[in-house]
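Summary of structural features
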Amino acid sequence: MNTSQSSASQNITILGATGSIGVSTLDVVQRHSDAFNVFALTANTNVELLFSQCERHKPQFAVMRDEAQAERLIGKLKSAGSATNVLSGSEGLDWVAGHEETDVVMAAIVGAAGLQSSLRAAETGKRLLLANKESLVMSGALFMRKVQENNAVLLPIDSEHNAIFQSLANGAPGYAGGVAKIYLTASGGPLRETPLADLHGVTVEQACAHPNWDMGRKISVDSATMMNKGLELIEAHWLFDVPVQQIEIVIHPQQIIHSMVAYHDGSVVSQMGNPDMRTPIAHGLAWPSRIDSGVTDLDLMTMGRLDFEPADRHRFPCIALAEEAANGADSLSIALNASNEIAVEGFLNELIRFTDIPIIVEKVLAQVDAQAVGDVDEILAVDDIARIYAREILRQRQI
Ligand code: NAD
Ligand code: MG
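Read on for a plain summary of the structure. Fair warning: this is a prediction, and the values are worked out from it, not measured in the lab.

The helix and strand tally for the chain stands at 16 helices and 12 strands. In terms of overall dimensions, the chain is globule-like: its C-alpha atoms have a radius of gyration of 20 Å, near the 21 Å expected for 399 residues. Counting across all 399 residues of the chain, residues that qualify as buried make up 53%. Taking contacts inside the chain between residues at least 6 apart in sequence as the whole, the part at least 24 apart equals 69%. Surface exposure of the chain reaches about 16,600 Å², of which carbon and sulfur atoms provide 48%. Separation between the mean location of the 29 positive side-chain charges and that of the 49 negative ones in the chain comes to 3 Å.

Here we come to the nonpolar core. Counting residues in each nonpolar core, the largest one holds 123 residues, and the members touching the most others are Leu73, Met106, Phe143, Phe240, Leu285, Leu336 and Phe354. Take this core: its biggest share by element is 10 residues, from helix 14 (residues 330–348).

The textbook angles at a metal center are 109.5 degrees for a tetrahedron of four donors and 90 or 180 degrees for an octahedron of six. Surrounding the magnesium ion (ligand 2) are the protein donor atoms Asp158 (OD), Glu160 (OE) and Glu232 (OE), which sit 2.1 to 2.2 Å from the metal. All donors to the magnesium ion (ligand 2) come from one chain, and their sequence spacing reads D-x1-E-x71-E. On the criterion of sequence distance, the pair formed by Glu160 in helix 7 (residues 159–167) and Glu232 in helix 10 (residues 227–240) is long-range, its members being 72 residues apart.

Turning next to the packing of aromatic side chains. Note on aromatic pairs: each is described by the distance of the centres and the angle between the planes. What the rule picks out here adds up to four aromatic pairs. Centre to centre, the rings of Phe39 and Phe61 are 5.6 Å apart; their planes meet at 65°, and the pair counts as edge-to-face. Note that Phe39 is positioned in strand 2 (residues 36–43) and Phe61 in strand 3 (residues 61–64), a separation of 22 residues in sequence. For the residue pair Phe39 and Phe61, the accessibility class agrees, reading buried in each case. Measuring from ring centre to ring centre gives 5.6 Å for Phe347 and Phe354, while their planes differ by 70°; the resulting arrangement is edge-to-face. The buried category is assigned to Phe347, whose relative accessible area is 2%. A relative accessible area of 6% places Phe354 in the buried class. Cluster of aromatic residues (ring-pair linked, three or more members): Phe39, Phe61 and Trp95.

If you trace the seven strands from one edge of the open sheet to the other, you get 4-3-2-1-5-6-7, paired in parallel fashion. Sheet topology places strand 4 (85–88) and strand 7 (153–156) at the edges, where each strand pairs with a single neighbour. Mean inter-strand twist for the sheet, computed between neighbouring axes without regard to direction, equals 20°. Note that strand 1 (residues 10–15) and strand 5 (residues 104–107) share four bridges and pair parallel. By the bridge assignment for strand 5, Thr13 is matched with Val105.

On to helix 11 (residues 278–286). For helix 11, the tally of buried residues reaches eight of nine residues, placing the bulk of the element in the interior. Turning to helix 11, its buried residues number three or more, namely Arg278, Pro280, Ile281, Ala282, His283, Gly284, Leu285 and Ala286.

Attention now moves to the site of ligand 1. In the vicinity of ligand 1 lie 23 residues, with Thr18, Ser20, Asn44, Glu134 and Gly216 positioned nearest. At 3.1 Å from an oxygen atom of ligand 1 is found a main-chain nitrogen or oxygen belonging to Gly19. Against a free-state accessible area of 820 Å², the protein chains account for coverage of 88% of ligand 1. Contributions of two or more residues to the shell around ligand 1 are made by helix 1 (20–30) and helix 6 (133–149). The class makeup of the residues in the shell around ligand 1 is 12 nonpolar, seven polar and four charged. Of the residues that make up the shell around ligand 1, three or more belong to each of domain 1 (10–157) and domain 2 (159–276 + 297–316).

Under the defined criterion, the tally for this structure stands at one cavity of 30 Å³ or more. For the lining of the largest cavity, the secondary-structure elements that each account for two or more residues are helix 7 and helix 11. Top contributing element to the lining of the largest cavity by residue count: helix 7, with three residues. Residue composition of the lining of the largest cavity, by class: two nonpolar, seven polar and one charged.

Cut-offs applied
Residues numbered from 1 in each chain as written. Chains lettered and ligands numbered in written order. Predicted model: local features only at pLDDT ≥ 70, side-chain atom pairs only at ≥ 80, totals over all residues. Heavy atoms only, no water. Helix = DSSP H or I, 4+ residues; strand = E, 2+ residues; numbered from the N terminus. Rg over C-alpha atoms; globule rule 2.2 N^0.38 Å. Buried < 20%, exposed > 50% of the residue type's maximum accessible area, 1.4 Å probe, protein only. Contact = heavy atoms within 4.5 Å. Areas by Shrake-Rupley, 256 points an atom, 1.4 Å probe, with all protein chains shown as cover. Lys, Arg positive; Asp, Glu negative; His and termini not counted. Charge placed at Lys NZ, Arg CZ, Asp CG, Glu CD. Core = buried A, V, L, I, M, F, W, Y, C linked by side-chain atoms within 4.5 Å. Donors = N, O, S within 2.8 Å, 3.2 Å for Na, K, Ca; no water. Phe/Tyr/Trp six-rings, centres within 6.5 Å; stacked < 30°, edge-to-face > 60°. Pairing = 2+ DSSP bridges. Axes fitted to C-alpha atoms, helices over the stretch in contact; angles between N-to-C directions. Near = heavy atom within 4 Å. Polar contact = N/O pair within 3.5 Å; in protein donor to acceptor, adjacent residues only side chain to side chain. Nonpolar A, V, L, I, M, F, W, Y, C, P; charged D, E, K, R; others polar. Domains from an automatic or database assignment. 1 Å grid on protein atoms, 1.4 Å probe; cavity = no way out; pocket = protein on both sides within 12 Å on 5 of 7 lines; lining within 4 Å. Points joined across faces, edges and corners; volume = space filled by probe spheres on them.

So this is what it looks like as structure tokens:
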């Protein structure tokens, strides 16, 4: 514990501080500066934003993943007379995640890049606020085992999983007593009503224009393909130890209900709120207490209707691909995630069409060996090979 703070305050390390979740986390933390002390902040390349966050929150450590950008950050902080120490590379990320003075870790790096530092936080028994769903998709069994063995406190930040957590009887991941079904809600994204024939011409701007949430670009595209919901299906399976067959994806365009748990006695319990990630973040920070998040109150009288509809696998083939991976060997979920990351990056760089994303994922799933994986090295080996396959297919489909 940092001795300059009151003994009641918790040291928080935010992995991916410059992203959408990172910025929202700092917003909530700042409202409770008596309870939380910002210990470390990390970013990939965004020196300007990490620098201004350091100026404001005065962390003990800042980590720049990119070595060259780390040098720039050191220079800027030095000129500003800052006492923040700068580290770099993935070793720096792992070091702050597992640091003995870190009490709480917000894991908000996007994609597979967040795997090692999230696992490090689990291994060192932290209170782990998990936004980085990709790490759980890649390493589900291993991740949950590390959480258990090291008494980490795992709190889901993905809004649906946070809602499920809140709707489970004892509010703890891994507990699913009496549960008949989990309804995983989805907005359907910005392309829910686009004519099917127009999907191949969807632009990056259209795919990233989410109706309810302002998110990073990768998860925005995942929401448009609904691969996000596919990843979340796998995430829910591991977090709550519920068979994939017991999880149903439901489109709920208003995004007021953030998911539901149906019990054997006929009860259906849900969590509602305005779509603002500061609610699950504040919940994770304070659990089992509640703190103010800055989110506007839900106005029931003006909320209007709540609609529900099934998710169309024909329009959203990524859901079926994720279901296939979830029902298969471990390597398939890793390959699903890796190939999707390559395909989404290709789409964001305008190398392929929107409709090529599921095609690339499908071809990679057909190519990888379906096998069980044990440790991180095996996980990373499957991730590597799936990326190689995906890049080759992407090259062939380049426009
Ligand atoms: P973002 O793109 O806005 O931010 C990503 C963060 O990760 C940035 O700080 C960036 O510097 C860092 N980063 C990127 N690549 C990195 C690398 N190679 N090494 C180290 N750091 C790297 O993403 P986001 O929308 O904040 O999403 C973060 C995670 O939270 C994702 O896993 C996403 O699925 C999940 N999530 C996001 C939302 C949301 O509303 N944005 C909701 C639910 C879950
Ligand atoms: Mg979500």
